[in-house]
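Residues per chain are reported as follows:
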Amino acid sequence: MSISLDNVSFTAGNSLIVNGVSLTVQTGTVLGLLGPNGSGKSSLLRLICRLRKVRSGIVRLGESDVSTMARSDLARRVAFVEQQATTETQLTAKDVVRLGRTPHRSLLSPLGAKDDAAVDEALSRVGMEGRARQLWQTLSGGERQRVHIARALAQSPTELLLDEPTNHLDIQHQLEILGLISRLGVTCIIALHDLNLAAMFCDQLAVLQRGKIVATGTPQHVLTRDLIGDVFGVQAHVETSSIHGRCNIQYIIA
Amino acid sequence: MSGAIFRQSVWWAHGALAIAAFSLLALMIGLAVSIGEISIPLATTAKAVSNRLLGTTFELSRIHQGIIWDYRLSRALVAASAGASLALSGAVLQALLRNPLAEPYVLGVSAGASTGAVGVMLLGFGYGVLSLSSGAFIGAVIAFLLVAFLAAGAGGTSERIILCGVAGSQLFNAATSYIVTTSANAEQARGVMFWLLGSLSGIRWPDVYLAVPVTVLGFVVSLFHVRALDAFVFGTDAAASLGIAVRRVQVVLLGTTALMTATVVSMVGAIGFVGLVIPHAARFLVGPTHDRLLPATVLGGAIFMVGADIISRIIIPQQVLPIGVVTALFGAPAFAVILYRARRTA
Amino acid sequence: MCKFLAAIALAFGFAGLAAPSLAATQYPLTINNCGREVVFNKAPANIVSIGQGMTEVLFSLGLADRIAGTAVWVGPVLPQYAEVNARIKRLADNDPSFESVVGQEPDLVAAEFEWHVGQQGSVGKREQFAELGINTYIAPADCVAKVNADSGDGVRKELFTMGLIYREIAELAEIFDITDRGDALIAELQQREARAVASVAGAAAKNLPVVFWFSSKEINGDAFIAGKNSAPAYILKMLGAKNVVATDEEWPLVGWETIAEANPAVIVVATMDRRRYAADDPTVKLNFLAKDPVTSQLDAVRNKRFVMMDAQSMNPTIRTIDGIEILAKGINSFGLAQ
């Protein structure tokens, strides 16, 4: 397995944000991480790429314990896309994507052919190759998000963590990005809000409630009326879609 | 449309720019050595420099020789090095703190230096043992350590660091005011204010031996961290996810800027605007990636400060304007232009 | 030539006398002092004196027993008054507070400098004292043809002369109804001045470039040098020497480039008790002159032509006469008077 968590806990201040989470993600699969706000999704993602230190438990990438890996090795394997990252510096889209090559570059090396290739490929995969020279400040919210994803892709990661990557995108690009991610062949964990999109594009789902995993498994298995009502507090009707064969959730408004 | 003039990676363009910048710096230093309170003919200046550098034996008044070599040249070199240090510190802080208004004094260094200086001047701290400069340096370091301690306790994000710097500056400025109002008469207070504006009049060669190595050290350390500085652009988490050891880089770079700034302030006083404006001008010329930005900033700062020193000595006949006034005269309008341009592209 | 100058000095002295000598003072007496009319109904009995120069004038007039408190001391008091001074309360070495002055219940506050008692007085404004029924007297040397509004030590528009001190003595003598003592003091000072001037007659001392170095903020930095109308400039004029500085400011900050270029023949170094700036210490000053790569090349430094002079003699006070004597002696000792 590519990523595994073994009874991981995390506190911030006095509150227990992640409470004894155990999880495995098979290599090459896409795991959707679901849960209401404050359930610990962002913290969990950050624990996996060691942006935060676990209080107890072990996070493993393959066979290696993440806490013993060298930082640069970790960065060459795992890429992380935040919810919102902004800057006032006048960078072009290409400059931003180039940053993704940082873990692969030594101090003295200029950008090599391999780096340029990775950058160009990443840009075209997110559909921004025509806008490479455009200033960051002039891009729309959705375009910026795509550039962030391209930056993560330029890291040539084997594991990709994304924290609500489709928040600012229009529906066409939401579908495009999620489709791209699901076809990458890279192990992915995506935190999502939209249950239907999660059902359409993820191989496996994990549902968090107040820092604890309450369900894991295929979308079929996890997304039941009872779970949705219990965790998300809404009434829903779940059926298998005749269009794409996956779960389709219809919300019932009282 | 890109935001910089030389941002394309055409290496020979950058090489040409570097050569032009070095030449300009050499020219400015030459001007600074030739111009001064008393007028010395250019030929004499050239002979004096040649005598010392090349070992020629032109006949010259020993006083003129001393003025040119020991007074003016050392002053020009310290001015260049101070400008380079301040500009470099500004660029590094703007990257680390993700704030285009960051400048070298944002971490309390200048406030601490003034407290140290008035402590020595008015309260007789370390009387007889400590010079004004040493007192200022110690004050600067104490202030920085206090701010660093506060910031680490507060979480160490960019915003928190800036807030702690503001708090530290206010604290030490209050301490300075307290000492001045309780211990000084009006004449002494005037003397203190004059010191705070910056002055290069007491510089001799021993100061060069301190200022230049500190600048070079700071530059080398910063160059080692160009990738890290680029990676900070989206914040500490993004940098960490790119493999940067965030805490270590912050400690090393903040410590380096504090050292450079404390050295400059204790030697020549608090000269403003250089650390704020030069990095922006450099970004305008060569773009924001730090492998080009840092060298451009260092050269730009050196050239600007030497130029400001020359102007401060010739703008009013028979009088030397405090150099902080000259840098503000040019820095403030430049700053307004920066803000205006930023507004347009935002 | 020097006898002629001595005659001028005497003429200034006589011109400075405001009232016919040897007459008793008629009270109420109105004196126009530094732009203000001050009325004395009787001779003051309780004085607070702010400024060493003013205090020493009062001692010289034999008024020590009427002084309730003193402040602002640059160095030790003239030795002949040390005993009498020890019995008088010293309010502060530097600036006293308004309350401490008023607390002595004086009927006269005498000040040497306008920046202590004056329009922007750090101790108090003249109106503040007047409201409490206290008269104020400021040394004419600090306000006649002198602008104290902006720069540190003020700007003197006309050359200072001892006549201003003689005027101060005469006015104080009138206020206290001791005009005979006043006249005697003036005569004595004038004699000493004339003798000192005569001793350097025959001058190669003529147009000798001399610089008076008071102190510097930083040891290596610009120096406080006596301006062209200051008391030291008067000393130089009386002795026929030349001041290297041409600005009107009383103590301008001058760079060493300029001083070095002027290549002074004699450097007068101020000695004082104050240690506010590192360069206040005369040994520090001499050390700098010997070690600095440029000043060590100056004629005055190579030949060690230094005259050590008490800082108080460089201020416009009765000690200016001492200053003339000391410098004259120095010039003679360097063999420059022949």
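These numbers come from a predicted model, not from an experiment.

Rules used throughout
- Residues numbered from 1 in each chain as written.
- Chains lettered and ligands numbered in written order.
- Predicted model: local features only at pLDDT ≥ 70, side-chain atom pairs only at ≥ 80, totals over all residues.
- Helix = DSSP H or I, 4+ residues; strand = E, 2+ residues; numbered from the N terminus.
- Buried ≥ 20, exposed ≤ 12 C-beta atoms within 10 Å, placed from the backbone.
- Contact = placed C-beta atoms within 7 Å.
- Domains from an automatic or database assignment.
- Nonpolar A, V, L, I, M, F, W, Y, C, P; charged D, E, K, R; others polar.
- Pairing = 2+ DSSP bridges.
- Axes fitted to C-alpha atoms, helices over the stretch in contact; angles between N-to-C directions.
- Core = buried A, V, L, I, M, F, W, Y, C linked by C-beta atoms within 7 Å.
- Right-handed = clockwise from strand over helix to strand, strands pointing away.

A. Structural detail: the overall build of chain C. Scanning chain C from N- to C-terminus turns up 13 helices and 15 strands. The 338 residues of chain C split such that 51% are buried. Taking as baseline every contact in chain C between residues at least 6 positions apart, the subset at least 24 positions apart corresponds to 68%.

B. Expanded view of the environment of P110 of chain A. All names here are of chain A. Among the structural elements, P110 can be located in the loop between α3 (93-99) and α4 (113-125). A residue is classified by how many C-beta atoms lie within 10 Å of it, and P110, with 9 of them, is exposed. Along the sequence, P110 and T187 sit 77 residues apart, while their C-alpha atoms lie 30 Å from each other.

C. Spatial organisation of the domain arrangement of chain C. Residue and element names in this part refer to chain C. Domain assignment breaks chain C into domain 1 (2-195) and domain 2 (200-333). Each partner contributes residues to the interface: domain 1 has 28 residues there, and domain 2 has 28 residues. Secondary-structure elements contributing two or more residues to the side of domain 1 that touches domain 2 are α1 (2-16), α2 (52-60), β9 (155-156), α6 (162-175) and α7 (179-199). In terms of residues, the side of domain 1 that touches domain 2 owes the most to one element, α2, which gives five residues. Here the residues of the side of domain 1 that touches domain 2 sort into 14 nonpolar, seven polar and seven charged.

D. The arrangement of the sheet that holds strand β3 (residues 47-50) of chain C in detail. All names here are of chain C. Read from one edge to the other, the open sheet built from five strands follows the order β5-β4-β3-β6-β7, with strand pairing classed as parallel. In the strand order of this sheet, the two ends are held by β5 (90-92) and β7 (135-138), each with one partner. Geometrically, the sheet is characterised by an average inter-axis angle of 20 degrees between neighbouring strands, direction not taken into account. Of the pairings in the sheet, the one linking strand β4 (residues 67-71) to β5 comprises two bridges and is parallel in character. Directly across from T70, in β5, lies its bridge partner R90. Of the strands in this sheet, β3, β4 and β6 (108-111) are in contact with α2, which crosses β3 at around 135 degrees.

E. Focus on the environment of M305 of chain B. Residues and elements named next belong to chain B. Considering the arrangement of structural elements, one finds M305 in helix α13 (residues 290-314). Residue M305 is classed as buried on the basis of its C-beta count, with 32 C-beta atoms lying within 10 Å. Taking the C-alpha atoms as reference points, M305 and T115, separated by 190 residues in sequence, lie 25 Å from one another. Ignoring any residue separated from it by four or fewer positions in sequence, one finds M305 in contact with A79, A80, A82, G83 and V274.

F. Examining the nonpolar core more closely. In terms of nonpolar packing, the biggest core is built from 277 residues, with A150 of chain A, A80, V109 and V306 of chain B together with V109, I225 and L239 of chain C touching the most fellow members. Counting residues per element, this core draws most heavily on helix α3 (residues 62-96) of chain B, which supplies 21 residues. Composition of this core by domain shows at least three residues from each of domain 1 (2-195) and domain 2 (200-333) of chain C.

G. Seen up close, the arrangement of the chains. Looking at the two pairs of chains with contacts, the pair that accumulates the most is chains A and B. Regarding chain A and chain C, the two do not touch, and the least distance separating their C-alpha atoms is 42 Å.

H. Just unusual backbone geometry, in detail. Residue and element names in this part refer to chain C. The omega angle of the peptide bond from Y27 to P28 is -5 degrees, so this bond is cis rather than trans. When you line up the elements, P28 lands in the loop between α1 and β1 (29-33). Positive phi, normally seen in glycine, also occurs at C34, with a value near 50 degrees. Tracing the backbone through its elements, the reader meets C34 in the loop between β1 and β2 (36-40). The backbone phi angle of K304 is positive, close to 50 degrees, even though this residue is not glycine.

I. Region of interest: the interface of chain B and chain A. Taken together, the contacts link 21 residues of chain B with 25 residues of chain A. Elements that contribute at least two residues to the side of chain B that touches chain A include exactly α9 (226-231) and α10 (236-241) of chain B. The biggest single contributor to the side of chain B that touches chain A is α10 of chain B, with four residues.

J. Fine view of the interface of chain B and chain C. Taken together, the 23 residues of chain B in the interface contact 22 residues of chain C. The set of elements that each furnish at least two residues to the side of chain B that touches chain C consists of α3 and α7 (186-196) of chain B. Broken down by class, the residue content of the side of chain B that touches chain C amounts to seven nonpolar, 10 polar and six charged.

K. Local environment of the pairing of β7 of chain C. Residues and elements named next belong to chain C. Judged by which residues are buried, β7 turns out to be covered on both faces: N135 and Y137 on one side and T136 and I138 on the other are all buried. In terms of strand pairing, β6 meets β7 through four bridges, oriented parallel. Note on β7: the bridge partner recorded for L108 is N135. As a crossover connection, the stretch from β6 through helix α5 (residues 126-131) into β7 is right-handed.

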